[in-house]
Amino acid sequence: MNVLIVHAHPEPQSFTAALRDQAIATLQAQGHEVQVSDLYAMNWNPVATAADFTARENPDYLVYALEQRLGVKSQSIAADIQQELDKLLWADLLILNFPIFWFSAPAMLKGWIDRVLVSGVCYGGKRFYDQGGLAGKKALVTVTLGGREHMFGERAIHGPLEDMLRPILRGTLAYVGFDVLPPFVAWHVPYISAEARGEFLCSYQQRLEGLADDQPLVFPKLEQFDEALYPL
Ligand SMILES: Cc1cc2nc3c(=O)[nH]c(=O)nc-3n(C[C@H](O)[C@H](O)[C@H](O)COP(=O)(O)OP(=O)(O)OC[C@H]3O[C@@H](n4cnc5c(N)ncnc54)[C@H](O)[C@@H]3O)c2cc1C
């Protein structure tokens, strides 16, 4: 299996980076090919702008998604986007590895999503959810956070973790067609002992070793909706 790990953390020695390294070691030991996009180390540009296109269908008014479609067809999309898109299309499994910032992903990773999940390849027209351009691939979200496990859940103070991650799990990964695996979560990371953090690394290794048996989360299928996308 080909695996792309997209890692977004500003500190190279972070615990989140230790999870990335655990994934590389575990997956390579199983014979998988692994590529890593370390967004801060790459000085990734996360801002979607007109500069992302060397030629434009409409030079007078930027409709970013439409220019993405033309850009991938005519190879006029920025080279840094094309390189990431090539890695994404190569991968059978995408791992997004990041610390939770404000109930979400760091801007660096949000900007990778904005710029790399291009219209016309990853989605477009009625190609989304199970019909998305990346159908057949798997995705895993691996997060660290400051909160404790009991703070998340139906009656918990922050609500269910899947609700917090909905824009990523559903609005992004499921939308473009990935089979989205249940996230791996390391809770309360800065406040626990080094041993407890070591236990998270061990459970992550075990989780990755058994990944083939993981059941994806359930999301809509287009066949459950009519032409206008009303539920049948
Ligand atoms: C802008 C911002 C917004 C945030 N929003 C939220 C939020 O909405 N919800 C929430 O819950 N949290 C939030 N946080 C907290 C954040 O999610 C956590 O601080 C972060 O996920 C902790 O992971 P880390 O990798 O940064 O830990 P680090 O601080 O890098 O590491 C913690 C400790 O682990 C040690 N360590 C490193 N490698 C290893 C190893 N191999 N084995 C054992 N120990 C190791 C480090 O030395 C350090 O002492 C926010 C933080 C910021 C900055």
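Conventions adopted
Residues numbered from 1 in each chain as written. Predicted model: local features only at pLDDT ≥ 70, side-chain atom pairs only at ≥ 80, totals over all residues. Heavy atoms only, no water. UniProt positions renumbered as here; feature names shortened; annotations may be inferred. 1 Å grid on protein atoms, 1.4 Å probe; cavity = no way out; pocket = protein on both sides within 12 Å on 5 of 7 lines; lining within 4 Å. Points joined across faces, edges and corners; volume = space filled by probe spheres on them. Axes fitted to C-alpha atoms, helices over the stretch in contact; angles between N-to-C directions. Helix = DSSP H or I, 4+ residues; strand = E, 2+ residues; numbered from the N terminus. Left-handed = near helix turned anticlockwise from the far one by under 90°. Contact = heavy atoms within 4.5 Å. Buried < 20%, exposed > 50% of the residue type's maximum accessible area, 1.4 Å probe, protein only. Arc of directions from axis to C-beta. Near = heavy atom within 4 Å. Polar contact = N/O pair within 3.5 Å; in protein donor to acceptor, adjacent residues only side chain to side chain. Areas by Shrake-Rupley, 256 points an atom, 1.4 Å probe, with all protein chains shown as cover. Nonpolar A, V, L, I, M, F, W, Y, C, P; charged D, E, K, R; others polar. Core = buried A, V, L, I, M, F, W, Y, C linked by side-chain atoms within 4.5 Å.

Taking an unreviewed UniProt entry as the reference, the protein is identified by name as Flavodoxin family protein belonging to Pseudomonas spelaei. Looking at the protein in UniProt, the text filed under Sequence similarities (unreviewed entry) is "Belongs to the NAD(P)H dehydrogenase (quinone) family."

(A) Examining the layout of surface pockets more closely. Of the pockets and cavities examined, the largest pocket occupies roughly 220 Å³. For the largest pocket, the lining is made up of 15 residues, of which Phe178, Asp179, Leu217, Phe219 and Lys221 are closest to its centre.

(B) Main features of the packing of helix H1 (residues 15–29) against helix H7 (residues 194–209). At their nearest, the axes of H1 and H7 sit 10 Å apart, and the two run at 35 degrees to each other. At the point where H1 passes H7, the crossing takes the right-handed sense. Contacts between H1 and H7 involve Phe15, Ala18, Leu19, Gln22, Ala23 and Thr26 from the first element and Arg197, Phe200, Leu201, Cys202, Tyr204, Gln205, Leu208 and Glu209 from the second.

(C) Layout of helix H6 (residues 166–174). Listed as buried for H6 are Ile168, Leu169, Thr172, Leu173 and Ala174. For H6, the angular spread of buried residues about the axis comes to 155 degrees, placing them on one side. On its buried face, H6 sits against strand E3 (93–99), helix H4 (107–116), strand E4 (138–144), helix H5 (161–164) and strand E5 (179–180).

(D) Layout of the site of the ligand. What surrounds the ligand is a group of 20 residues, the closest being His9, Thr16, Ile100, Trp102 and Thr144. Within the side chain of His9, an N or O atom sits 2.6 Å from an oxygen atom of the ligand. The contact in question runs from an oxygen atom of the ligand to an N or O atom on the backbone of Gly147, over 2.8 Å. Contact with the protein chains hides 64% of the accessible area of the ligand, taken as 1000 Å² for the molecule alone. Broken down by secondary-structure element, the contributors of at least two residues to the shell around the ligand are H1 and H7. Of the residues contributing to the shell around the ligand, the split by class is 12 nonpolar, seven polar and one charged.

(E) Structural context of the nonpolar core. Counting residues in hydrophobic clusters, the biggest one holds 68 residues, and the most contacted among them are Leu88, Leu96, Phe98, Leu109 and Trp112. Beyond its immediate chain neighbours, meaning those up to four positions away, Leu96 contacts Val6, Leu109, Trp112, Leu140, Val141, Thr142, Ile168 and Leu173.

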